[in-house]
Amino acid sequence: MRSEVRKAKVAGVGSFVPEKVLSNSDLEDMVDTNDEWITTRTGIKERRVVEEGMSTSDLAYEAAKLALADAGLKAQDLDLILVATATPDHLAFPSTACIVQDKLGAKGVPAFDLAAACTGFVYGVSVATQYIETGAYDNILVIGAETLSKIIDWEDRSTCILFGDGAGAAVLTPTEKGGILSNLLGADGAQSQVLKVEGGGSKNPLSQSIIDEGLHYIEMEGNPVFKFAVRILGRAANEALEIAGLDDSDIDYLVPHQANIRIIDAAAKRLDLQKEQVYVNLDKYGNTSAASIPLALDGAVKSGDIKEGDIVVLVGFGAGLTWGATVIEWS
Ligand code: UT7
C-alpha cells in the first residue's frame, strides 16, 4: 500500500443564477408575510427564479462551462460528471448529469446524479475525491444545481420565502500539494419526515389526488430542522478537521450551506470565527439547496476571500437528514 495517496484539489469554480429576481416585497404580494419577518428570521432579502421553460440542466450547464474555463480544461478532458440535485430535469431518467454531458459535448464521459438534498455538493466532492485519490480518474466535474421554484408551494409562506434557483460547479483534479484533506459525511434517515416531498416518487406516484393535495411540493417542519442545523454544522466541521489532523483554530475560511443567517452565525460562533471568515450570500440568493455551497464557494474565490494556502471548510446539512464537511488546503 502506498503511504502517501495523491490528493484532489479544486482546480476551477463557476456559478450561474437566473436573471429574474424575486424580492421580499414581491412575496408580500403573494402570501401573508413581510420583509421585516423574512429578514430578521432568515437574513434573506431576495432570491432568483427561473423563467418558464428553463430547467436544472440549463443552470448546471452554464455553471459547468465557467468552472471548466476557470480550470483551463475542455469538456472532453473530463473523466466523470456528477450532478447533485433534488430537482432533476426528469423524475426517473435520464439523469440530469447525462443531459449536462450532452450539452457540454463531453461525448462518452460517464455521468450520474447524486441525491443528498442540500448536502449534495459535499457528498459529490467526497465521491470525486475517492476516484482521484485512487488514481481511477483525473478530471471530475461536480455540479450542484437546483430549480426549487418548481417544487415550492407558492401559497405556503413557511417555505416559499426560503428557497431560490441556481447552480455552482467545481472541477477537481489531482495535486501533489495541499488540496482536499478530508471529507466527512453523515445521515439520519429516522428524521426523514421533517423535510420532504411526499408525492411524485414510487411511494406516492403522481396522480390527480397527489396534485390536489399539494403533495408534490416541499413540506418542512422548520423548528426541528433549525435545531438540527445549529447542532450539526459545528460538529461536522470539527469532525472533518479532526480527520485532517487539524482543529477549528486552523480554519481560515468557512463556506457554509446558505439556509439561514441565524444558523450560519451560530456555527461561526461555535467554531470561534470572525464575520470576515465566513461567506454569506443568502441575502441575494436564498437557500439554493445543492447549489448553495458551490455558488458560495465561487463567490468566495472570485472575490479574493479565499487565498492560496488557506484552510477552507465547506459544511452543509439538508433533507434526509444529511450533513457533510470538506476540509481543503487551497492550492
Ligand atoms: O436546507 C435546509 C432547509 N431548511 C432550513 O434550513 C430551515 C431551518 N429552519 C428555519 O430556518 C426556521 O425554522 C424558519 C425560518 C423556517 C422559521 O423561523 P422560526 O423562527 O423557526 O419561526 P416559526 O416557524 O417558529 O414561526 C414563528 C411564527 C409563526 O406564527 P405563530 O404561530 O407564532 O403565530 C408562523 O406562523 O412566524 C409565522 N410565520 C411567518 N410569518 C410571516 C411563518 N412563516 C412566516 C412568514 N412570514 N413567511
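What counts, and at which threshold
Residues numbered from 1 in each chain as written. Predicted model: local features only at pLDDT ≥ 70, side-chain atom pairs only at ≥ 80, totals over all residues. Heavy atoms only, no water. 1 Å grid on protein atoms, 1.4 Å probe; cavity = no way out; pocket = protein on both sides within 12 Å on 5 of 7 lines; lining within 4 Å. Points joined across faces, edges and corners; volume = space filled by probe spheres on them. Nonpolar A, V, L, I, M, F, W, Y, C, P; charged D, E, K, R; others polar. Salt bridge = Lys/Arg side-chain N within 4 Å of Asp/Glu carboxyl O. Helix = DSSP H or I, 4+ residues; strand = E, 2+ residues; numbered from the N terminus. Buried < 20%, exposed > 50% of the residue type's maximum accessible area, 1.4 Å probe, protein only. Core = buried A, V, L, I, M, F, W, Y, C linked by side-chain atoms within 4.5 Å. Domains from an automatic or database assignment. Contact = heavy atoms within 4.5 Å. Expected span 1.5 Å × (residues − 1). Bend = angle between axes of the 7 residues up to and from the residue.

*Asks:* Which parts of the structure should I look at to understand the layout of surface pockets?
*Replies:* Empty space left among the atoms is revealed by rolling a probe the size of a water molecule over them. Quantified by volume, the second largest pocket comes out at close to 160 Å³. What lines the second largest pocket is simply Lys20, Leu22, Met30, Val49, Val50, Glu51, Glu52, Ser149, Lys150 and Trp154. A breakdown of the residues in the lining of the second largest pocket according to their chemical character gives five nonpolar, one polar and four charged.

*Asks:* Hey, could you run me through the pattern of salt bridges in this one?
*Replies:* Any two side chains of opposite charge can pair if their charged atoms end up close together. Overall, the coordinates contain 10 salt bridges when judged by the stated rule. Taking the shortest distance from any N to any O, the salt bridge between Asp32 and Arg157 comes out at 3.7 Å. With a gap of 125 residues between them, Asp32 in the loop between helix 1 (24-28) and helix 2 (35-42) and Arg157 in helix 6 (residues 157-160) connect regions that are remote in the sequence. Asp32 sits in the exposed class, given a relative accessible area of 62%. Taking the shortest distance from any N to any O, the salt bridge between Asp35 and Lys45 comes out at 3.2 Å. Taken together, the residues Asp35 in helix 2 and Lys45 in the loop between helix 2 and strand 3 (46-48) connect sequence positions 10 residues apart.

*Asks:* Explain the nonpolar core to me, please; I cannot follow it from the model alone.
*Replies:* Here is a general trend for soluble globular proteins: nonpolar side chains tend to be buried in one another's company. Residues Ile218, Leu254, Leu273, Val313, Val315, Phe317 and Trp323 are the most contacted members of the largest nonpolar core, which totals 48 residues. Elements with a minimum of two residues in this core: helix 8 (222-243), helix 9 (261-270), strand 12 (311-318) and strand 13 (322-329). With 10 residues, helix 8 is the single largest residue contributor to this core. Two domains share this core, each providing at least three of its residues, namely domain 1 (7-176) and domain 2 (181-329). The contact partners of Ile218, leaving out residues within four places of it in the chain, are Leu148, Ile151, Ile152, Asp156, Thr159, Phe163, Leu195, Lys196 and Val197. By size, the runner-up hydrophobic cluster in this structure holds 27 residues, among which are Ala170, Leu172, Ile293 and Leu314.

*Asks:* Would you take a moment to explain helix 8 for this structure?
*Replies:* Over its 22 residues, helix 8 extends 31 Å from the first C-alpha to the last, a length consistent with the 32 Å expected when each residue adds 1.5 Å. At Ile232, helix 8 shows its maximal kink, close to 30 degrees. Looking only at helix 8, the buried set comprises Val225, Phe228, Ala229, Val230, Ile232, Leu233, Gly234, Ala236, Ala237, Ala240 and Leu241. Its buried side turned inward, helix 8 meets strand 8 (179-187), strand 9 (195-197), strand 10 (218-220), helix 9, strand 12 and strand 13. Phi turns positive, to about 75 degrees, at Gly245, one or two residues after helix 8.

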